[in-house]
Amino acid sequence: MRLSLNEHEDAEMFLSELCLGKDAFEKLKIIARYYMDEGRPVDSVRDKLKEYVANCGESFTLNPWRSMIELALKSAKKYNAVLINELHISKPEMERISKIKGIQARRFCFVLLCLKKYFNAIRPENNGWVCVDHADLMRLANIKTPMVKQAELYRILLSENLIELPDKPDRVAIHVVFDDMEGDDAMCITDMRNLGNQYMMYLGEPYYQCQECGLVVRNPHGSKGTKPFKYCKDCAAKIKIRQSTESAMKKYYKDISNFEVKIVEV
Amino acid sequence: MPREWYDPYYVRRIEDEDKKELYERIVADRKPYFMRYIYPQISHDYRSYERKSSLNHLIKFGEPISNRTQDSEEEMEFIDGFINNSPLGIGDCVMNKICRIFENNFDGKYSKLHKPEGEFDYRILKSGVDYDQSYYKDINNLYKRYNKRISSYNSQLYLEREDEYDAAIKIQAIKDEFVEECYKICPNKYELCDIILDITYKSKSSKGFAWSVCGDVIIENLMNKFGDTLHFPALDADGDIYYGGNTYSMKSVNVKEVDMVVETVIE
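Residues numbered from 1 in each chain as written. Chains lettered and ligands numbered in written order. Predicted model: local features only at pLDDT ≥ 70, side-chain atom pairs only at ≥ 80, totals over all residues. Heavy atoms only, no water.

Quick look at the overall build of chain A
Filter applied, for reference: Secondary structure counts use DSSP, requiring at least four H or I residues in a row for a helix and at least two E residues in a row for a strand, with both numbered from the N terminus. Only protein chains enter the accessibility calculation, which uses a 1.4 Å probe; a residue whose area is less than 20% of its type maximum is buried, one above 50% is exposed, and one in between is partly exposed. Any two residues having at least one pair of non-hydrogen atoms within 4.5 Å are treated as being in contact. To measure how exposed things are, a 1.4 Å probe is used in the Shrake-Rupley method; for residues, cover is taken only from the protein chains shown.
Helix and strand counts for chain A come out as 10 helices and 7 strands. Expressed as a percentage of its 266 residues, the buried residues of chain A come to 43%. Across chain A, the fraction of contacts at a sequence separation of at least 24, relative to all contacts at a separation of at least 6, is 59%. Carbon and sulfur atoms make up 52% of the accessible area of chain A, which totals about 15400 Å².

Structure follows, in structure tokens:
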């Protein structure tokens, strides 16, 4: 699941990157909304999406892209693009979270609070419901524990009366009854990825923000690391390739210029 | 099909009380559990439903749904809800019972019981020639594209329940297309065989690609290595291999000798 605070910016990024990747449907949905907001008719948006998929190197003959495009269009017709830009978490809210027992439960509660604010901002009639798949919730909170311990996190928040669960056996939605508290801003969320890590960074733990993509990741050397990290793993790999290409091209042009000088001298 | 046979909401609107009572009892609003093995989409829905319900049971009662005790009234209500809201009828009918017996005996257990001892040494299939590393990279990229294409097609099949015969033809068409591309990259069949074996047998993914592209070369390599002799189990009352109620013993045949005999008979 991809949560975006400014879908127009994301759409422009996807259109320039030309890579569908794993969350292809989410990307198509965001791009469809972007084109719809530009005031294009549905048929034109459909053509644009087909063009985008074809440019990404995907074939139309034997895959389900067509149905995916139709679903993305259906969703784009129903909802407007998300343009919130930032979410504010107040100091009293952070203090309330800090009273919860266990760091993972705090992190989980922080994520639920952010999601509640996010969904309420998108749809004011939402009334505090968070409808996100359990696996996605854990991924957003950067929690990797066995299922039994994950269930324990829910039980802690239930006992503190911060959430309510519907009675339906296969429910996915969580009603976050954590009231919004007014006060000075403690955190301003501008990126909905790795929310759990963002909370840990706020607490002063050894986490850093990638200077390329803005993702908050854990410092692999912990607090003992001498040199602070600049980039996340993916960006570091991309930058390394870019730097080595630049260096090789620089050397190539230098050799060519020397060669030309020698010819002139001869 | 009359609507009252499968639509419970329609049945509730029937005015004749006797008829309504009868149809409420016999309405078939969902498929029975064993049909999950016929309809892939329903099976997917059921798995998802079971996973979500199991997590909720774990949250509420501290135990997964498979270890349910039904001690408290609340838990009994939860289990009733689980059974009533299930996308499949999970009652104890004869077919569901048979299905569960099969699941208990075969689901994941068969492969565990019959795990091969030690790893298979695929070098026996190779031609043993040196090849250019640039070919390896190109073929590897092609192999990744092939896997992506096949998995995309399989996911489509999974949802649409296409006819098996049509699906096999389409998969064969994809394979033929990739075989052609492979030979465009590396025209030497022995080099191509070794490259593909190195790619497929070093990864955990399916080895079908290797057999589709260079199955004939692999057979040729094996024949050369074993002096054109084939070993196979044949029916034998005194055999030492027991399988499917019969006994077998290993026999050997030299293919060249057989070919010569066939040629003389033809002449």
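From this point, things continue past the structure.
Looking at the sheet that holds strand 4 (residues 174-176) of chain A
In a beta sheet, neighbouring strands are held together by backbone hydrogen bonds and run either parallel or antiparallel to one another. All names here are of chain A. Note the threshold: Being paired, for any two strands, means DSSP has found at least two bridges between them.
Taken in spatial order, the 3 strands make up an open sheet running 2-4-3, and their pairing is antiparallel. Unpaired on one side and paired on the other, strand 2 (129-130) and strand 3 (163-164) mark the two borders of the sheet. Sheet topology places strand 3 next to strand 4; 2 bridges connect them, and they run antiparallel. Following the sheet pairing, Ile163 is matched in strand 4 by Val176.

Structural notes on the pairing of strand 5 (residues 246-254) of chain B
Residue and element names in this part refer to chain B. Bridge count for strand 3 (residues 229-235) against strand 5 is 7 bridges, and the pairing is antiparallel. Its bridge partner lying in strand 5, Ala234 is registered against Ser249. Pairing of strand 4 (residues 241-243) with strand 5 involves 3 bridges; the strand directions are antiparallel. In the strand pairing of strand 5, Tyr242 is matched with Thr247. Joining the antiparallel neighbours strand 4 and strand 5 is a turn of 2 residues, in which Gly244 adopts a positive phi near 55°.

Brief notes about the nonpolar core
Condition: In plain words, nonpolar cores are sets of buried Ala, Val, Leu, Ile, Met, Phe, Trp, Tyr and Cys residues tied together by side-chain atoms within 4.5 Å.
Membership of the largest hydrophobic core comes to 48 residues, with the highest contact counts inside it found for Phe108(A), Phe110(A), Leu112(A), Leu115(A), Leu137(A), Ile189(A) and Met192(A). The biggest single contributor to this core is helix 6 (residues 103-122) of chain A, with 11 residues. Not counting the four nearest positions on each side in its chain, Ile189(A) is found in contact with Leu5(A), Asn85(A), Glu86(A), Leu87(A), Ile89(A), Phe110(A), Cys114(A), Leu195(A) and Gln198(A). Within the second largest apolar cluster, 30 residues are counted, among which are Tyr153(B), Cys182(B), Ile195(B) and Ile196(B).

Focus: the interface of chain A and chain B
Note the threshold: Put simply, buried area is how much 1.4 Å-probe accessible surface two parts lose in total, over both of them, once they are put together. The salt bridge criterion pairs a side-chain nitrogen of Lys or Arg with a carboxyl oxygen of Asp or Glu, the two atoms within 4 Å.
Tallying the contact residues gives 21 residues for chain A and 21 residues for chain B. Summing both partners gives a buried area of about 1700 Å² for chain A against chain B, and 62% of it is carried by carbon and sulfur. Linking chain A to chain B there are 1 salt bridge. Note that Asp167(A) is salt-bridged to Lys60(B), the shortest N-O span being 3.6 Å.

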